[in-house]
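# Structural description and commentary
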Amino acid sequence: MRSIINPVYKKELKLNMRTWKTAIFVMLYNLFLAGISLLAYYLTIDMADYSSFSYSILLNVFRGMMTLEYALVLFLVPSYTSGAISGERERQTLEILLTTKMKPFQIVIGKLLSSISLIILLVISSLPILSIIFSIGGASVIELLKLILMCITSAIYIGSFGILFSTLFKRTMPATVITYLMIVFLCFGTLVITLVAYALDHQNHYDVDNYVATAGPFAYLLLFNPLISYVDFIFGGYHENWILGITIGELCKKTPAFLQNHWGLFATVCQMALSLLVLLFAARKLNPTHYQNKKKQKKARKAQKKMGHAGVEGSVSE
């Protein structure tokens, strides 16, 4: 019976999960997270005034731990994915991989899944630590499921760019640097562009009464910002969250109402669609026939130019 599991993913998963380093890494990470969370809860309760203690403080600690989990995805996924294809090229095993019956897109998907598997494992293994919030209330299983969903979708989204740059660059180091720069642009560059557009719109209409400044069409860039998606999806809506004194809702005020009401859902769909396009482009670049066709086209153009020059010289000589 033919296996439905991607062969590359299956092979990488066996190699990574059978080593003792993975188990030690998962254990140390959970011990670190448990120590941080218990210390935060202890300090929060110990420093609070019991007569006016609010359980919302502990909920904020819980959200801080979720933010730490999400930051893990943002920082570790690029380092794992940016060397997926370039590492094979450096070990001189990429040509062997391309001679198999697998299509380039299957190789790309397998490398992406194997690269983000450890990160997803860390997130899932830490759920018992995060579930300590259930003992005091204020959080639900839905929020934990949202955290897993956000981490998986963001890992795929960020990892797709790592796979692309790993395909485009022959060495792992430049691929890693460019991947991190791309993540910085997605998280902060799109936000800066939106804030600048908002500031310019506010400056151009400051003398207009009751005018509400917005970022205009630049607000749609925030759909591709994973940090904004996290704020909306975890902290309960972008209308109540402030960045540099401006609510995200103000930046997007002129966007359609159905988009504002379901911002997180549309952002996830846009990011997954962009990830698919990026992976398809990476598979196209990885396809060896793509380069062969390019070489053939270059040779054909050179031959046509030579024939054209020969025809011009022949007509001149006549």
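Here's a quick rundown of the structure.

Analysis parameters
- Residues numbered from 1 in each chain as written.
- Predicted model: local features only at pLDDT ≥ 70, side-chain atom pairs only at ≥ 80, totals over all residues.
- Heavy atoms only, no water.
- Helix = DSSP H or I, 4+ residues; strand = E, 2+ residues; numbered from the N terminus.
- Buried < 20%, exposed > 50% of the residue type's maximum accessible area, 1.4 Å probe, protein only.
- Contact = heavy atoms within 4.5 Å.
- Areas by Shrake-Rupley, 256 points an atom, 1.4 Å probe, with all protein chains shown as cover.
- Axes fitted to C-alpha atoms, helices over the stretch in contact; angles between N-to-C directions.
- Parallel < 35°, antiparallel > 145°, perpendicular 65-115°, else oblique.
- Left-handed = near helix turned anticlockwise from the far one by under 90°.
- Nonpolar A, V, L, I, M, F, W, Y, C, P; charged D, E, K, R; others polar.
- Core = buried A, V, L, I, M, F, W, Y, C linked by side-chain atoms within 4.5 Å.
- Patch = residues over 30% accessible without salt bridge, like charges linked within 9 Å, V, L, I, M, F, W, Y side chains within 5 Å.
- Salt bridge = Lys/Arg side-chain N within 4 Å of Asp/Glu carboxyl O.
- Polar contact = N/O pair within 3.5 Å; in protein donor to acceptor, adjacent residues only side chain to side chain.

### Quick word on the overall build of the protein
Scanning the protein from N- to C-terminus turns up 14 helices and two strands. When each of the 318 residues of the protein is scored for burial, the buried share is 41%. When contacts within the protein are restricted to residue pairs at least 6 apart in sequence, those whose partners lie at least 24 apart make up 78%. When the accessible area of the protein is evaluated, it comes to approximately 18300 Å², of which 67% is carbon and sulfur surface.

### Looking at the packing of helix α6 (residues 104-125) against helix α8 (residues 141-168)
Remark: α6 packs on α8, axes separated minimally by 10 Å, with the N-to-C direction vectors making an angle of 140 degrees. Regarding the angle of α6 to α8, the classification is oblique. For α6 against α8, the interelement crossing comes out right-handed. Taking contact as the criterion, the partners of Val-108, Lys-111, Leu-112, Ile-116, Ile-120 and Val-123 in α6 are, on α8, Cys-151, Ile-152, Ala-155, Ile-156, Gly-159, Ser-160 and Ile-163. Among the residues making up the contact of α6 with α8, the classes are represented as ten nonpolar, two polar and one charged.

### Section: the nonpolar core
Grouped together as the largest cluster of nonpolar side chains are 54 residues, with contacts concentrated most on Phe-62, Val-73, Val-77, Val-108, Leu-130 and Ile-163. Among the elements that line this core, the one with the most residues is α8, at twelve residues. When neighbours within four sequence positions are excluded, Ile-163 is seen to be in contact with Thr-81, Ala-84, Ile-85, Val-108, Lys-111, Leu-112, Leu-279 and Ala-282. In this structure, Ala-197, Ala-213, Ile-228 and Trp-263 belong to the second largest nonpolar core, which totals 15 residues.

### Observations regarding a nonpolar patch on the surface
A cluster of nonpolar side chains, Trp-20, Ile-24, Met-27, Leu-28 and Leu-31, forms an exposed patch at the surface whose accessible area comes to about 550 Å². As for its position among the elements, Trp-20 is in helix α2 (residues 20-47).

### What about the environment of Ser-82?
Note that Ser-82 resides in the loop between α3 (55-81) and α4 (84-90). Ser-82 sits 83 residues away from Phe-165 along the chain, and the two C-alpha atoms are 6.5 Å apart. If we skip the residues at most four places from it in the chain, Ser-82 touches Gly-162, Ser-166, Thr-172, Ala-175, Thr-176 and Thr-179. A polar contact is formed between the side chain of Ser-82 and the side chain of Thr-176, at a distance of 2.8 Å.

### Topic: the pattern of salt bridges
Think of it this way: side chains of opposite charge can pair up when their charged atoms draw near. The final tally for this structure, using the stated rule, is four salt bridges. The closest approach of N and O atoms between Lys-11 and Glu-12, which form a salt bridge, is 3.8 Å. Under the relative-accessibility criterion, Lys-11 is labelled partly exposed at 46%. Notably, a salt bridge pairs Glu-88 with Lys-111, separated by 2.6 Å at the nearest N-O pair. Taken together, the positions of Glu-88 in helix α4 and Lys-111 in helix α6 put the pair 23 residues apart, joining distant regions of the chain. Residue Lys-111 is classed as buried on the basis of its relative accessible area, which comes to 3%.

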